[in-house]
Amino acid sequence: MANVVAGGGTRTGSVVLAFALAVLSGCERADPPEPTGSAAAAYGNCTPSPAPARPVAGNPLAGRPFFVDPNGPAALQVARWEGQQRAADAAALRRISDRPVALWVGDDAGSVGARVDAVLGCAVAQGQLPVLVAYNIPNRDCGSYSSGGAASRDEYRSWIRAFASGVRGRPVAVIVEPDAVAHAVEGCDSESRYELLADAVQVLKATGSAVVYLDAGHPRWITDVNRLAAALQRAGIAHADGFSLNVANFVSTPDNVAYGNRISGAVPGKPHFVIDTSRNGAGEVETAGDVDGGPRWCNPPGRLLGKPPTTDTGDPRVDALLWIKRPGESDGACRPGEPPAGQWWPEYALDLAQRSA
């Protein structure tokens, strides 16, 4: 459920954002095309900046400014609305376009290494740390709204190695396979998932420069923390830098902090964690059951942007609050007229931005 929705009504919606390769001569940006859910045109405005500060001991993300994608769909929408004389809407949407947001890497095994290389090249030129989401596990989202992924275990192993080949020793944070561990706890492809996730973590850490967080779902999903902790261990948490929570979901930050600390305490080594705050400013929809005929976790109305990305979290185990889900991308076609999972939805984005003023 990362931009994709995981099953059982408890999952989150997650975005599979396949980035288009940039023409990286100076990371120059072309005229903005119509935003789409599958690609942003190029990586632009990659003006060289001073190198970021070294990470603070104990937190591999601290001291590193996060990458702001100058050609993400929100930035392209801002440019488009400015050209249409929609100045007020463009100004509101900058509350999203000016923030660092994770970039999702999904299918497309043939070019994944080049895509990662393009993003990291642009981020390094700007002195920023990119956050990428590896999202291609076989039977992704277990057949729900964000279904897809690699066709086989061997294909996934090749894919994650191609992903890692694009890192080339440059700093990057990687969120590994949102929802995959929680789905495995529920019995979806459990044995193969644990094996593939553990392999992915080790392959990414072998780059020598990737900070790796293995996704662990959210507080309303797997409530048996000891069972989840055991699953994280089977999935390779011992080799990762920590785990991620609330990806594409709306659970409040305090609830995630409390949940994360319970998980951390149940895992040997007490790993650190990061929290997706992209859309949790108003918390969850309080009504039980469906909302307007769709799951309460899928494009719910009345939500707010959460706290902007930061490593100043106030908790020694929380490495960062991040925007992992891209605000404004659909969780899935859960109601009539709603776009497919991962597709840019300017009306929903604008509503989030305006409400968060």
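Above: the structure in question.
In this report, the structure presented in the accompanying data block is examined. (Residues numbered from 1 in each chain as written. Predicted model: local features only at pLDDT ≥ 70, side-chain atom pairs only at ≥ 80, totals over all residues. Heavy atoms only, no water.)

Right, let's talk about the overall build of the protein chain for a bit. Broken down by element type, the protein chain carries nine helices and seven strands. Considering only intrachain contacts with a sequence separation of at least 6, the fraction spanning at least 24 residues in the protein chain is 74%. In the form shown here, the protein chain has an accessible surface area of approximately 12,800 Å², with 50% of it arising from carbon and sulfur atoms. (Helix = DSSP H or I, 4+ residues; strand = E, 2+ residues; numbered from the N terminus. Contact = heavy atoms within 4.5 Å. Areas by Shrake-Rupley, 256 points an atom, 1.4 Å probe, with all protein chains shown as cover.)

Let us look at the packing of helix α1 (residues 73-83) against helix α2 (residues 87-97). Contact geometry of α1 with α2 gives a least axis separation of 9 Å together with a crossing angle of 170°. The angle between α1 and α2 places the two elements in the roughly antiparallel class. Residues A74, A75, Q77, V78, W81 and E82 of α1 lie in contact with α2, whose contacting residues are D89, A90, L93, R94, I96 and S97. Residues that form the contact of α1 with α2 fall into these classes: seven nonpolar, two polar and three charged. (Axes fitted to C-alpha atoms, helices over the stretch in contact; angles between N-to-C directions. Parallel < 35°, antiparallel > 145°, perpendicular 65-115°, else oblique. Nonpolar A, V, L, I, M, F, W, Y, C, P; charged D, E, K, R; others polar.)

Running from amino to carboxyl end, helix α7 (residues 225-234) crosses helix α8 (residues 253-266) at an angle of 60°, the nearest separation of the two axes being 9 Å. Comparing the axis directions of α7 and α8 gives the class oblique. Once α7 is placed against α8, the crossing between them reads as right-handed. Here V225, N226, L228, A229, L232 and Q233 of α7 come into contact with α8, specifically with Y259, R262, I263 and A266. For the contact of α7 with α8, the residue count by class is seven nonpolar, two polar and one charged. (Left-handed = near helix turned anticlockwise from the far one by under 90°.)

What follows is about the side chain of N246. Mapped onto the secondary structure, N246 falls in the loop between β5 (242-245) and α8. In this structure N246 comes out as buried when scored by relative accessible area, which is 0%. Other than its neighbours up to four places away in sequence, N246 contacts G217, H218, V251, N256, I275, D276 and N280. (Buried < 20%, exposed > 50% of the residue type's maximum accessible area, 1.4 Å probe, protein only.)

Within the secondary structure layout, Q343 lies in the loop between β7 (318-322) and α9 (346-355). For the pair Q343 and E329, spaced 14 residues apart in sequence, the C-alpha separation works out to 5.3 Å.

Within a regular strand, the side chains alternate between the two sheet faces. Bridge count for strand β4 (residues 210-215) against β5 is three bridges, and the pairing is parallel. Within β5, the residue paired with D215 across the bridge is S244. Regarding the hand of the β-α-β motif, the stretch spanning β4, α7 and β5 is right-handed. Both β5 and strand β6 (residues 272-276) contribute to a ladder of four bridges, which runs parallel. Looking at the pairing, L245 lines up with I275 of β6. As a crossover connection, the stretch from β5 through α8 into β6 is right-handed. (Pairing = 2+ DSSP bridges. Right-handed = clockwise from strand over helix to strand, strands pointing away.)

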